[in-house]
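Residue-level structure breakdown
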Amino acid sequence: MKVEVDRDLCEANAVCVGIAPGVFELDDDDELRIVRAEVPEDQVELVSQAIDACPRNALFKSR
């Protein structure tokens, strides 16, 4: 599974970072950074939760 972010929608409110900090982080400019676009198998459930919890629907699965 891969995850991407729509930068036009993302407000960098860090909900995803709180759910899956091994995949998402905020950089020094408070921009969302996807640390691992190819999601490790043990993080798939957390990333799916983060996608569902995104208040702006800015995260999505790709492949």
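The notes below deal with the structure included here.

Rules and cut-offs
Residues numbered from 1 in each chain as written. Predicted model: local features only at pLDDT ≥ 70, side-chain atom pairs only at ≥ 80, totals over all residues. Heavy atoms only, no water. Core = buried A, V, L, I, M, F, W, Y, C linked by side-chain atoms within 4.5 Å. Buried < 20%, exposed > 50% of the residue type's maximum accessible area, 1.4 Å probe, protein only. Helix = DSSP H or I, 4+ residues; strand = E, 2+ residues; numbered from the N terminus. Contact = heavy atoms within 4.5 Å. Arc of directions from axis to C-beta. Polar contact = N/O pair within 3.5 Å; in protein donor to acceptor, adjacent residues only side chain to side chain. Salt bridge = Lys/Arg side-chain N within 4 Å of Asp/Glu carboxyl O.

1. As for the nonpolar core
The biggest cluster of nonpolar side chains holds 17 residues, and the ones touching the most others in it are Val3, Cys16, Val23, Phe24, Leu32, Val47 and Leu59. At the level of secondary structure, the elements contributing two or more residues to this core comprise strand E1 (2-5), helix H1 (15-19), strand E3 (32-34) and helix H2 (44-53). Excluding its chain neighbours within four sequence positions, the residues that come into contact with Cys16 are Pro21, Phe24, Leu32, Ala50 and Leu59.

2. A few points about unusual backbone geometry
At Asp30, a position not held by glycine, the phi torsion is positive, near 60°. Looking at the element boundaries, Asp30 is found in the loop between strand E2 (24-26) and E3. With phi around 50°, Asn57 is a residue other than glycine that occupies positive phi space. Within the secondary structure layout, Asn57 lies in the loop between H2 and strand E4 (59-62). Given a relative accessible area of 57%, Asn57 falls into the exposed group.

3. Focus on H2
Counting along an α-helix, one turn takes 3.6 residues, and residues three or four places apart therefore face a common direction. Those residues of H2 lying buried are Val47, Ser48, Ala50 and Ile51. One side of H2 carries all its buried residues, which in axial view fall inside an arc of 160°. In H2, the exposed positions angled more than 90 degrees off the buried face are occupied by Glu45 and Asp52.

4. Re the side chain of Ser62
Here Ser62 shows up in strand E4. Only 2.8 Å separates the side chain of Ser62 from the side chain of Glu4, close enough to count as a polar contact. Leaving out residues up to four positions away in the same chain, Ser62 has contacts with Lys2 and Glu4.

5. Quick look at the pattern of salt bridges
In the structure shown here, the tally under the stated rule is two salt bridges. Two residues, Glu11 and Arg56, come together in a salt bridge whose shortest N-O distance is 3.6 Å. Here the residue Glu11 occupies a position in the loop between E1 and H1, and Arg56 occupies one in the loop between H2 and E4, the gap between them amounting to 45 residues. Here Glu11 falls in the exposed class, since its relative accessible area comes to 53%. Ionic pairing is found between Glu25 and Arg33, a salt bridge with its closest N-O pair at 3.1 Å. A relative accessible area of 31% places Glu25 in the partly exposed class.

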